[in-house]
Amino acid sequence: MTIPITKPLFGPEEQQAACEAIASGWVTQGPRVAEFEKAFAEYCGAKHAIATANCTTALHLSLLAAGIGPGDEVICPSMSFIASANAIRHCGATPVFAEVREHDFNLDPDDILPRITERTKAILPVHQLGMPAEIDKICRIADKHGLIVVEDAACAIGSSYRSVKIGRPFGKFACFSFHPRKVITTGEGGMITTDDDDAERLLRLLRQHGMSVPDTVRHRAREVIIESYVCVGYNYRMTDIQAAIGLEQLKRLDGMMADRQRLAERYNCAFADLPGVCVPQPPEYVVPNWQSYAVRLTDEMSVSRNELMQRLLDQGIASRRGVMTIHREPAYADLCVGLELPVTEAASDHSVILPMYPQMTDEEQEQVVSVVRKALT
Ligand SMILES: *Cc1c(COP(=O)(O)O)cnc(C)c1O
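Residues numbered from 1 in each chain as written. Predicted model: local features only at pLDDT ≥ 70, side-chain atom pairs only at ≥ 80, totals over all residues. Heavy atoms only, no water.

Engineer: Which residues make up the domain arrangement of the chain, and what values go with them?
Structural biologist: When cut into domains, the chain gives domain 1 (12–251) and domain 2 (253–376). For domain 1 and domain 2, the distance between their C-alpha centroids amounts to 26 Å. Opposite the 43 residues of domain 1 that make contact, domain 2 presents 39 residues. Between domain 1 and domain 2, roughly 3,500 Å² of surface is buried when both sides are summed, and carbon and sulfur atoms account for 61% of that area. Here domain 1 is connected to domain 2 by one salt bridge. Glu-102 serves as the salt-bridge partner of Arg-296, at 3.8 Å between the closest nitrogen and oxygen. Applying the counting criterion to the domain 1 and domain 2 interface returns 20 residue pairs in polar contact (both at pLDDT 80 or more). Put simply, the parts of the chain that give the side of domain 1 that touches domain 2 at least two residues each are α4 (83–90), β3 (94–98), β6 (160–161) and α8 (240–271). (Domains from an automatic or database assignment. Contact = heavy atoms within 4.5 Å. Buried area = accessible area lost by both parts, 1.4 Å probe. Salt bridge = Lys/Arg side-chain N within 4 Å of Asp/Glu carboxyl O. Polar contact = N/O pair within 3.5 Å; in protein donor to acceptor, adjacent residues only side chain to side chain. Helix = DSSP H or I, 4+ residues; strand = E, 2+ residues; numbered from the N terminus.)

Now the structure itself:
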């Protein structure tokens, strides 16, 4: 492989920070996690940020803190990574899939109302590929029907909606991922932002075994403290080694987004005159972080999506199918008998993600463009 789908961007700063965490002797959740949470909350303009092991656990805890449990329904898109819906099932609740809009691959606000029942408790919109969903409209529908909004912002760190950064919660919770496929990475890692003080306390409890007094506090105490366990919690902690890396990644974020923006513009220009290809068109009210660059192939295409992917691979260039559909996966077969989501299925089947990472050179990008152009003409 000469051109991968993505590549994390690390420098000596991340290496140094990880080494310092190790040298300090405190390697699990500790002072560096607290520092990362503070920096993250400040970056997003949120009151609280709570670090977790990954975004799937962030979503699980947020849904639990929203009171979601067995018998409840949560409306979410099927066109998303499977973790969006799995987190709902981890609570014993049922995901109810709604359509996405074909121009931004995000939850269609007009398809929410028809799916609301007396069991609906929450809406879980996804800011897909870093492109913010129409969150104002979704929150208005939620408010009207007494539903809680949990934003799956796994890919959307740094993106903004009507000049507000994703993460200053529009809904009650926003959940982020630091997996290497996302814009900043800590290997694995997640973060929840919320403005609600009670929810923050509950999330911190649930994250750490339901422990009444965190180990960091006992470590510093001058008098013996015996902790108690006030609820059945989880071990969903981030480590201080990861947080140390995260703090350095956060400093690079705006620079990496500028690189991605430039690469996206170059792709858009290169494909502008190419029949059969629709380039992404962010709605005028959003600024995406370009976590992924996905093009949609139209019907007059001479090759299929999978053939195009194979031609790229033959030249050593990675690509990925567009965002998956959850309702067509075997794990969801029993839940989704007879469910058809034509807009979602077409959007997923006809889109392809092309390589993009901040270090991508103009030559590398030209190689990708040239293979795509040759395949399509
Ligand atoms: C990556 C991703 C997740 C899962 O994130 P992890 O940190 O790997 O658990 C969830 N939802 C969406 C939309 C994602 O892209």
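Engineer: Account for the site of the ligand, with residues named and values stated.
Structural biologist: Near the ligand lie 14 residues; those nearest to it are Cys-55, Thr-56, Asp-152, Ser-177 and Lys-182. A distance of 2.9 Å separates an oxygen atom of the ligand from a polar atom in the backbone of Cys-55. Take Thr-56: an N or O atom from its side chain is 2.5 Å from an oxygen atom of the ligand. Protein coverage of the free-state accessible area of the ligand, which is 380 Å², stands at 90%. In a pocket analysis with a 2 Å cut-off to the grid points, the ligand is assigned to the largest pocket. Each residue belonging to the shell around the ligand can be placed in one class, and the counts come to six nonpolar, six polar and two charged. (Near = heavy atom within 4 Å. Areas by Shrake-Rupley, 256 points an atom, 1.4 Å probe, with all protein chains shown as cover. 1 Å grid on protein atoms, 1.4 Å probe; cavity = no way out; pocket = protein on both sides within 12 Å on 5 of 7 lines; lining within 4 Å. Sits in = over half its atoms within 2 Å of the grid points. Nonpolar A, V, L, I, M, F, W, Y, C, P; charged D, E, K, R; others polar.)

Engineer: Which residues make up the sheet that holds strand β12 (residues 293–297), and what values do they have?
Structural biologist: Pairing is antiparallel in the open sheet, where four strands are placed in the order β10-β12-β14-β13. The open sheet has two edge strands, β10 (277–278) and β13 (320–321), and neither has a second partner. Here two bridges tie β13 to strand β14 (residues 351–354), and the two strands are oriented antiparallel to one another. When the bridges of β14 are listed, Arg-321 appears paired with Val-352. Sheet contacts for helix α9 (residues 305–314): β12, β13 and β14; angle to β14, the most-contacted strand, approximately 20 degrees. (Pairing = 2+ DSSP bridges. Axes fitted to C-alpha atoms, helices over the stretch in contact; angles between N-to-C directions.)

Engineer: Quick rundown of the sheet that holds β3? Include the residues and the values.
Structural biologist: If you trace the seven strands from one edge of the open sheet to the other, you get β1-β9-β8-β5-β4-β2-β3, paired in mixed fashion. A strand with exactly one partner marks an edge of an open sheet, and here the two such strands are β1 (48–52) and β3. On average, adjacent strands in this sheet sit at an angle of 25 degrees to one another, irrespective of strand direction. Looking at chain direction, strand β4 (residues 120–123) and strand β5 (residues 148–152) are connected through two bridges and run parallel. Its bridge partner lying in β5, Ala-122 is registered against Ile-148. Here α4 sits on the sheet and contacts β2 (73–77), β3 and β5; the angle it forms with β3, its principal contact strand, is near 150 degrees. Along the sheet, helix α6 (residues 197–207) contacts β1, β8 (173–177) and β9 (190–194); its crossing angle with β1, the most-contacted strand, is approximately 15 degrees.

Engineer: So what's going on with the environment of Thr-377? Residues and values would help.
Structural biologist: The residue Thr-377 is located in the segment after α11 (362–376) in this model. Taking C-alpha positions, Thr-377 is 8.2 Å from Pro-275, a pair spaced 102 residues apart along the chain. Among the polar contacts made by the side chain of Thr-377, one reaches the main-chain carbonyl oxygen of Arg-373 at a distance of 2.5 Å.

Engineer: Account for the packing of helix α1 (residues 12–24) against α8, naming residues and giving values.
Structural biologist: Closest axis-to-axis distance for the α1/α8 pair is 8 Å, and the angle between their directions is 155 degrees. Judged on the interaxial angle alone, α8 and α1 are roughly antiparallel. For the crossing formed where α1 meets α8, the hand is right-handed. Contacts from Glu-13, Glu-14, Ala-17, Ala-18, Ala-21 and Ile-22 in α1 reach Asp-240, Ile-241, Ala-244, Ile-245, Glu-248, Gln-249 and Arg-252 in α8. A per-class count over the contact of α1 with α8 returns seven nonpolar, one polar and five charged. (Parallel < 35°, antiparallel > 145°, perpendicular 65-115°, else oblique. Left-handed = near helix turned anticlockwise from the far one by under 90°.)

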